[in-house]
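One letter stands for each residue in the lines below.
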Amino acid sequence: MTDEFKTLQKFDAGSGHQGLLHSLPALEEQGVGKISRLPVSIRIVLESVLRNCDGKKVRPKDVETLANWNAKAPANEEIPFVVARIVLQDFTGVPLVVDLAAMRSAVKRLGDDPKIIEPLVPVDLVVDHSVQVDFFGSAKALQLNLEMEFKRNRERYQFLKWGQQAFKTFQLIPPGIGIVHQVNLEYLAKGVLSKKSEGRGHEAEIFYPDTLVGTDSHTTMINGLGVVGWGVGGIEAEAGMLGQPVYFLTPEVVGVHMKGQLREGVTATDLVLHVTQLLRAQKVVGKFVEFYGEGAALLPVPDRATIGNMSPEYGATMGYFPVDQESINYLRATGRSDEECRAFENYFRAQNMFGMPRKGEIDYSVDVDLDLADVEPSVAGPKRPQDRINLPELGRTFRALLEQPVQDGGYGKKNVDLREKHLVQLNGSAPRDRAMASTDEVDQGINPGDERNKIEMVANRPTPDTGKDIEAASSEMFTHGQSRIGHGSVLIAAITSCTNTSNPSVMIAAGLLAKKAVERGLLIDPAVKTSLAPGSRIVSDYLDKTGLQKYLDQLGFNLVGYGCTTCIGNSGPLHPNIEKAIHEFDLVAASVLSGNRNFEARVHQHIKANFLMSPPLVVAFALAGRVHIDLSREPIGKDKHGKETFLRDLWPSLSEIRETMQSALRPETFRKLYRDFADQNPKWNEIPASTGDIYQWDEKSDYIHEPPFFENFSMEPGHVEEIRGARALGIFGDSVTTDHISPAGAIKATSPAGEYLVSRGIAPSDFNSYGSRRGNDLVMTRGTFANVRIKNLMVPGTEGGVTKYFGAAGKLPVPRGEQMSIFDAATKYAETKTPLIIFAGHEYGAGSSRDWAAKGTRLLGVRAVVAASFERIHRSNLVGMGVLPLQFLDGTSAQSLGLDGSEIFSITGLSDKVRPGHRATLEIQGKDGKSRSVPAKLRIDTPIEIDYYRHGGILPFVLRQLLGR
Ligand code: SF4
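Residues numbered from 1 in each chain as written. Predicted model: local features only at pLDDT ≥ 70, side-chain atom pairs only at ≥ 80, totals over all residues. Heavy atoms only, no water.

### Quick look at unusual backbone geometry
Now for step 1: A cis amide bond links Gly381 to the next residue, Pro382, at an omega of 5 degrees.
Now for step 2: With respect to the secondary-structure elements, Pro382 resides in the loop between strand S16 (378–380) and strand S17 (388–390).
Now for step 3: The phi dihedral of Lys283 is positive, around 55 degrees, even though this residue is not glycine.
Now for step 4: Checked against the element boundaries, Lys283 lands in the loop between helix H8 (268–281) and strand S13 (288–292).
Now for step 5: Note on Lys283: relative accessible area 62%, which makes it exposed.
Now for step 6: Of note in this structure, Thr565 is not a glycine but carries a positive phi near 40 degrees. (Helix = DSSP H or I, 4+ residues; strand = E, 2+ residues; numbered from the N terminus. Buried < 20%, exposed > 50% of the residue type's maximum accessible area, 1.4 Å probe, protein only.)

Written out as structure tokens, the structure is:
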């Protein structure tokens, strides 16, 4: 137990026992800094720095620097932040466990003890990203989707079960339980943690704030509970697990003072869309945001968590709410023990950090005011979460975007007549009882991707009580199984994403709206793929208890799974005739979802316009069937008497929502549902798992493969060297997301990854998604830059992962460039050891944290990425994989330089002496043989990153440290 600043003090931890803490008030008394004026989020990080100050990894200077954080001019210093725990979801968690397994194999080959590779902080992995909406609109959808999930992911799950037994500090929450951030909020987070430690001559219990990083951008949802944490790349999380601090630069903290209250009819989703737009405009990228004031104090924790969740969308590292009585109330209401609640409250009181700060009490870098009464019902889209649209404006905005030129963000259609619809047959020859098929049929290889099954699901959607019996109505739907679709038709309506499903008020509002719609006999068009995927079984419990689920069912919003589904792009296929019509008539069709992301091709490859909105609005737009509508004035549909029904007729009042909620949420339910996970999932128990410290890699597996990161590993690190004779592998514009770089969704049969899988004897119907194959570098490297929507400006007019191959630098005559896939070109360049460069515009690597976006880049042979600007996590992941990020200086871009990819490039001015922010030179030799050069800034931002880069990335760096001990 270290106590460099002599700040260790006793405090009343509740339940009759005393604990110890590293006291921030005591540090302030020593004159180390004006700590009580620091933002609460900074104080929590400071506590970690103080507690872990050992003079080596964390130095006294680090404590002093942070304690003297200057709001208006934060020192540009890196903070070594040792987090209390780590959370993972399965898409990012599997490759992380694969890397740990590969490290163990490497250590064994070097003759050392593989067990030196072990997480040093608790790690929780929640399997939530794998379930896909293959079945919907049926009472059997949950079970059938789960069956499919296990069938598709068996190898991965076997591997995870190996990991569960091989690593001591690793807890796994199996599929079918919930979504990582909701499970974190409802169960994993404890507020404060404690550790037994030797000190003062006896065993002592040291308490410290719960802090974490997670391998998912929306880890920030936990900020709503007063827990400091954010998303990092898998690579940084790995380093954190292996005892490395997470390094970041002292941030600015934007204080958002909230006052007032949300008005009737305005939801937490509307609020977060408002906040996203407000803070995007404030340019909060790389900053902490702290919400405070009397308005914040009145927000319940689920509303705060919704706002915290979307901090990646407004660009902040965190969207933090300080701990107050609401935080304690939430812990109590969700079944946390009395002891935990007391320790949480007493700890924060003892640290002088309890209670929502008021204006003027804290010094923030930037002050922003937000009157909650200004928030309006809204949606956001169709391509970016920050593009908020007031609800009445949606129809007009959509119409305008349809005809707006593509280069201005529109869809470039001419003379659109929105009344024009195309007939789509949905009946076909599907077997009538497919929805009720036994689960055995799934195991026998019936492909749920076969669209006939979807037809059946639609056909069997139970209908509202319209006076007809369900069978007859269903039969009518079936025999009249057709729809008319056009631009703006809603084809996916998904109540999805932990952003909103963790918030009972909006989920209950969706149920109440469904109830009123059913009572009036409103119907949803069969072309709309409806789904409900909550982030935990708690939601089902309260929707069942309140009797609301049955109304959602009757509209087709049956439970499809407890997982991310549409939020991660696992929306499943649409009816083939619908896809055909979209293609044939080049339709700009719409999805409506309660998620947080709507980048192109994220929700579904065929849906171009994606609107984020609250769960009740998802139900409303599903009923309306189109997005070119003003729901504040136009009717949503006709009731069973043919009378026009408006949104206002269906919208539940705040008091209705509150009353319903109070009757349904019980702490005992949380306690009951959050225990003995394996027992609650027999399918998980049936999966056989190997045992032992070393994983037995199986060459036959196409899910799990030993990555080449430690091939030819030696104890000697490399050097920072100039890059010469390089070729461009891709030139991209602005806002290339990690999903463009490393897609998570479907694998196209004609893509390099698809062709590779086919060559391994795998049928396209069994491809599964890229996300699920992240344990296999051979698939993922082929999938890098393979998003169907990525546009490589080297091959104008094309989409998808294509480039031009120009041969090794210096080859004469200068080749014209042969068009081929990016993977094939990279493979050919590797034969001549030609280094590769990616050029990009602004916000390169925006979107979800995705380690494969950096790993795949590295494995393709890319040595540097030169961009106008980088997203925070992706930039650090590139460094973490030993790829050099370089930033053009103001105004310069690949376009302004007129690059077409035929040039030969060198990056000079690099040596072991470089420091963060160093200016290097990009030398460009055109095909006319003339050379020019431009300066570019090294985006290696911290001293430790120089070390990572020199070592070829974090993993070799950590391995050398562990082996060198
Ligand atoms: S639901 Fe969406 S935001 Fe939540 S963990 Fe899943 S993918 Fe991330």
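Anyway, onward from the coordinates.
### As for the side chain of Ser571
Now for step 1: Tracing the chain through its elements places Ser571 in the loop between helix H21 (549–554) and helix H22 (576–584).
Now for step 2: Separated by 2.6 Å, the side chain of Ser571 and the backbone oxygen of Val603 make a polar contact.
Now for step 3: Once residues within four sequence positions are removed from consideration, Ser571 is found in contact with Val133, Ile492, Lys529, Thr565, Thr566, Val603 and His604. (Polar contact = N/O pair within 3.5 Å; in protein donor to acceptor, adjacent residues only side chain to side chain. Contact = heavy atoms within 4.5 Å.)

### Thoughts on the packing of aromatic side chains
Now for step 1: Counted by the stated rule, this structure contains 29 aromatic pairs.
Now for step 2: With 4.8 Å between their ring centres and 85 degrees between their planes, Phe159 and Tyr695 make a pair best called edge-to-face. In this pair, Phe159 is assigned in helix H5 (residues 141–166) and Tyr695 in the loop between helix H27 (682–686) and strand S26 (723–731), connecting sequence segments 536 residues apart. The same class applies to Phe159 and to Tyr695, which are both buried.
Now for step 3: Ring geometry for Trp162 and Phe167: centres 5.7 Å apart, planes at 80 degrees, overall edge-to-face. An identical accessibility class is assigned to Trp162 and Phe167; each is buried.
Now for step 4: Clustering of aromatic rings is evident, with ring pairs tying together Phe11, Phe207, Phe344, Tyr347 and Phe348.
Now for step 5: Here Lys683 stacks its cationic end above the ring of Phe150, 5.9 Å away from the centre of that ring.
Now for step 6: Taking the ring centre of Tyr703 as reference, the NZ or CZ of Arg773 above it sits at 4.0 Å. (Phe/Tyr/Trp six-rings, centres within 6.5 Å; stacked < 30°, edge-to-face > 60°. Lys NZ or Arg CZ within 6 Å of the ring centre and 35° of its normal.)

### Here's the deal with helix H34 (residues 943–950)
Now for step 1: Every buried residue of H34 is accounted for by Ile944, Glu945, Ile946, Tyr948 and Tyr949.
Now for step 2: On its buried face, H34 sits against strand S3 (78–81), strand S11 (246–249), helix H33 (872–880), strand S31 (884–888) and helix H35 (954–964).
Now for step 3: Backbone geometry just downstream of H34 places Gly952 in the positive-phi region, at approximately 85 degrees.

### Looking at the site of the ligand
Now for step 1: With respect to spatial proximity, the complete set of residues near the ligand consists of His129, Ile179, Val180, His181, Asp216, His218, Ser497, Cys498, Cys564, Cys567 and Asn596.
Now for step 2: Taken together, the residues of the shell around the ligand break down into five nonpolar, five polar and one charged. (Near = heavy atom within 4 Å. Nonpolar A, V, L, I, M, F, W, Y, C, P; charged D, E, K, R; others polar.)

### Points about the sheet that holds strand S34 (residues 931–938)
Now for step 1: Read around the closed barrel, seven strands run S26-S29-S30-S31-S34-S33-S32, paired in mixed fashion. If you compare each strand with its neighbour and ignore which way they point, the axes differ by 40 degrees on average.
Now for step 2: Here strand S30 (residues 862–867) pairs with S31 via four bridges, running parallel. Looking across to S31, one finds that Ala864 is bridged to Leu884. (Pairing = 2+ DSSP bridges. Axes fitted to C-alpha atoms, helices over the stretch in contact; angles between N-to-C directions.)

### Let's talk about the nonpolar core
Now for step 1: Counting 298 residues, the largest nonpolar core has Phe557, Phe621 and Phe839 as its most contacted members.
Now for step 2: It is helix H4 (residues 90–109) that contributes the most residues to this core, eleven residues altogether. (Core = buried A, V, L, I, M, F, W, Y, C linked by side-chain atoms within 4.5 Å.)

### Digging into the packing of helix H32 (residues 851–859) against H33
Now for step 1: Viewed as axis vectors pointing N to C, H32 and H33 meet at an angle of 40 degrees, and their least axial separation amounts to 9 Å. By the angle class used here, H32 and H33 are oblique. Judged by the sense of rotation from one axis to the other, the crossing of H32 with H33 is right-handed. Packed against H32, whose contacting residues are Asp851, Ala853, Ala854 and Thr857, the element H33 presents His874, Asn877 and Leu878 at the interface.
Now for step 2: Residues of the contact of H32 with H33, tallied by class, amount to three nonpolar, three polar and one charged. (Parallel < 35°, antiparallel > 145°, perpendicular 65-115°, else oblique. Left-handed = near helix turned anticlockwise from the far one by under 90°.)

### Concerning the environment of Asn352
Now for step 1: Tracing the sequence through the fold places Asn352 in the loop between helix H13 (338–350) and strand S15 (366–371).
Now for step 2: In this structure Asn352 comes out as partly exposed when scored by relative accessible area, which is 49%.
Now for step 3: Residues Asn352 and Asn52, spaced 300 residues apart in sequence, show a C-alpha to C-alpha distance of 20 Å.
Now for step 4: If we ignore the near neighbours within four places in the chain, the residues touching Asn352 are Pro25, Ser36 and Arg43.

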